Amino acid sequence: MTETVRGMAARPRLVERYRRFLPITDATPALTLGEGFTPLVHLRRLGERYGLPNLHAKVEGQNPTGSFKDRGMVVAVSKALEDGSQAVICASTGNTSASAAAYAAAAGIECIVVLPKGRIAAGKLLQALVAGARVVAIDGNFDDALRIVRELAAEGGRSVTLVNSVNPHRLEGQKTAAFEVCDDLGRAPDALAIPVGNAGNISAWWAGFCEYRAAGIVDTAPRMLGFQAAGAAPFVAGHPIDHPETIATAIRIGNPASWAKAAAARDESGGRIDSVTDDEILDAWRDLARVEGIFCEPSSGAGVAGVRKLAAAGELSAELIVCVLTGAGLKDPATAERAVAPITEAHPTADAVRSALRW
Ligand code: F0G
């Protein structure tokens with residue numbers, strides 16, 4: 001038996017709530033895994049440490065497959081179904097494939113994934129495999145994989161849909177995160193900090209803020225602060241990187257597909273795209289867990305690492321800042337395991353445990 005609290009509206013589907021801003025029509029199949037409506041958390045303790053009293057996190061790891069990709073994937077796969085597709089195909093550093101596999105399974109269509117061999121966090125790869133995706137690992141990086149799936153999708157005609165963020169429906173869905181932040185705050189933030197890989201997400205968030213401002217729902221739009229890993233920072237270099245390297249495998253991308261859109265978001269918003277080192281990323285990632293209780297995946301630490309760096313340089317202080325934590329911590333158990341001390345062991349007695357704890 002279900003009981004609802006009187007006066008509390010049932011939670012709507014994400015695409016219904018923001019339908020007026022999305023390419024959803026009565027002909028679009030209703031598909032959902034419960035995506036969106038993720039928490040916006042005030043990082044009081046971390047903000048105090050960094051000298052940023054108004055620091056917030058949008059916890060996108062709480063989406064159904066554990067990353068922000070679900071917001072765009074629900075729209076892209078719904079539209080693929082509407083168009084009569086029998087399969088979706090994508091390249092991925094992991095999260096896109098986990099999301100595509102889940103939504104394809106729910107839609108009853110096939111999912112094909114091409115990804116860089118040995119460079120996908122275990123949790124993400126298992127999500128795609130268990131959901132029944134057909135996965136091919138290549139001796140190459142994400143940029144190679146994206147080139148290959150673009151070619152295959154072009155040959156496949158209408159029956160296979162490319163669901164990387166070059167599919168415009170992906171960005172349409174992803175912009176709903178910006179709407180939610182504005183709805184929760186009752187205004188737009190002053191700055192939005194976000195990791196940048198293939199550069200679709202920063203472009204989608206910027207589109208969302210601009211559409212809310214154009215609709216008169218908010219008066220302003222934030223400065224967009226994108227952060228890349230130092231070894232995979234084509235925006236900072238000003239040209240593609242042939243051999244991107246970073247511990248943050250989700251954003252190990254050298255030739256972002258949405259380069260022009262992200263550069264426009266940066267310039268129109270008066271923002272910037274900067275880089276942070278792997279050590280800075282891991283420090284922020286650890287801080288989020290230890291100081292705030294939020295376990296995200298390493299690449300999600302890039303935005304927090306970036307605002308910490310800008311605060312230390314005196315470029316950020318009391319502004320209302322939102323950091324996007326793009327994926328969940330359990331995605332990448334191997335990196336987490338390397339970052340923590342080994343477990344203390346003891347005999348099964350209170351005395352032994354007491355001495356192991358040095359009580
Ligand atoms: N954070 C996470 C956890 C990601 O998985 C990605 C991208 C990004 C940030 C960067 O977003 O590419 O829109 O700039 N992951 C893609 C994938 C590339 O295949 O899962 P972006």
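Before going into details, it helps to say that this report is about the structure given with it.

1. Here we look at the overall build of the protein chain
Move 1: What the protein chain contains, in helices and strands, is 15 helices and 10 strands.
Move 2: Its C-alpha atoms put the protein chain at 65 × 60 × 50 Å along the principal axes.
Move 3: Taking all 359 residues of the protein chain together, the buried fraction comes to 53%.
Move 4: As presented, the protein chain carries roughly 15800 Å² of accessible surface, and 51% of it is formed by carbon and sulfur atoms.
Move 5: Computed over 37 positive and 40 negative side-chain charges, the inter-centroid distance for the protein chain is 2 Å.

2. Focus: the sheet that holds strand 4 (residues 110-116)
Move 1: Spatially, 4 strands are ordered 5-4-3-6 in an open sheet, and the strand pairing comes out parallel. Either end of the sheet is taken by a strand with one partner, and the two such strands are strand 5 (134-138) and strand 6 (160-162). For this sheet the average axis-to-axis angle between neighbouring strands, irrespective of direction, equals 20°.
Move 2: Bridging between strand 4 and strand 5 involves 5 bridges; their strand directions are parallel. If you follow Val113 over to strand 5, its bridge partner there is Val135.

3. Describing empty space enclosed by the protein
Gaps left between atoms are located by rolling a probe of water-molecule size over the structure's atoms.
Move 1: Using the criterion set out here, one finds 3 cavities of 30 Å³ or more in the structure.
Move 2: Along the wall of the largest cavity there are 25 residues; nearest its centre are Phe68, Lys69, Gly197, Asn198 and Ala250.
Move 3: Breaking the lining of the largest cavity down by element, the ones donating at least two residues are helix 4 (95-107), helix 7 (168-174) and helix 9 (200-214).
Move 4: In terms of residue class, the lining of the largest cavity is made up of 9 nonpolar, 13 polar and 3 charged.

4. What about the layout of surface pockets?
Move 1: In this structure, the largest pocket encloses a volume near 200 Å³.
Move 2: In terms of lining residues, the largest pocket is bounded by Ser165, Val166, Asn167, Pro168, Leu171, Glu172, Ser203, Trp206, Ala207, Ala257, Ser258 and Lys261.
Move 3: Looking at the lining of the largest pocket, the elements with two or more residues in it are helix 7 and helix 9.
Move 4: Here the lining of the largest pocket is built from residues that sort into 6 nonpolar, 4 polar and 2 charged.

5. Some points on helix 6 (residues 142-156)
Move 1: For helix 6, spanning 15 residues, the distance from its first C-alpha to its last is 21 Å, which sits close to the expected 21 Å at 1.5 Å a residue.
Move 2: When helix 6 is considered as a whole, its buried residues turn out to be Phe142, Asp143, Ala145, Leu146, Val149 and Ala153. With its buried residues spanning 150° around the axis, helix 6 presents them on a single face. Opposite the packed face of helix 6, turned more than 90 degrees from it, sit the exposed residues Ala154 and Glu155.
Move 3: Capping the start of helix 6 is the job of one residue whose side-chain oxygen sits 3.0 Å from the backbone nitrogen of Asp143: Asn141.

Definitions and limits used
Residues numbered from 1 in each chain as written. Predicted model: local features only at pLDDT ≥ 70, side-chain atom pairs only at ≥ 80, totals over all residues. Heavy atoms only, no water. Helix = DSSP H or I, 4+ residues; strand = E, 2+ residues; numbered from the N terminus. Buried < 20%, exposed > 50% of the residue type's maximum accessible area, 1.4 Å probe, protein only. Areas by Shrake-Rupley, 256 points an atom, 1.4 Å probe, with all protein chains shown as cover. Lys, Arg positive; Asp, Glu negative; His and termini not counted. Charge placed at Lys NZ, Arg CZ, Asp CG, Glu CD. Pairing = 2+ DSSP bridges. Axes fitted to C-alpha atoms, helices over the stretch in contact; angles between N-to-C directions. 1 Å grid on protein atoms, 1.4 Å probe; cavity = no way out; pocket = protein on both sides within 12 Å on 5 of 7 lines; lining within 4 Å. Points joined across faces, edges and corners; volume = space filled by probe spheres on them. Nonpolar A, V, L, I, M, F, W, Y, C, P; charged D, E, K, R; others polar. Expected span 1.5 Å × (residues − 1). Arc of directions from axis to C-beta. Polar contact = N/O pair within 3.5 Å; in protein donor to acceptor, adjacent residues only side chain to side chain.

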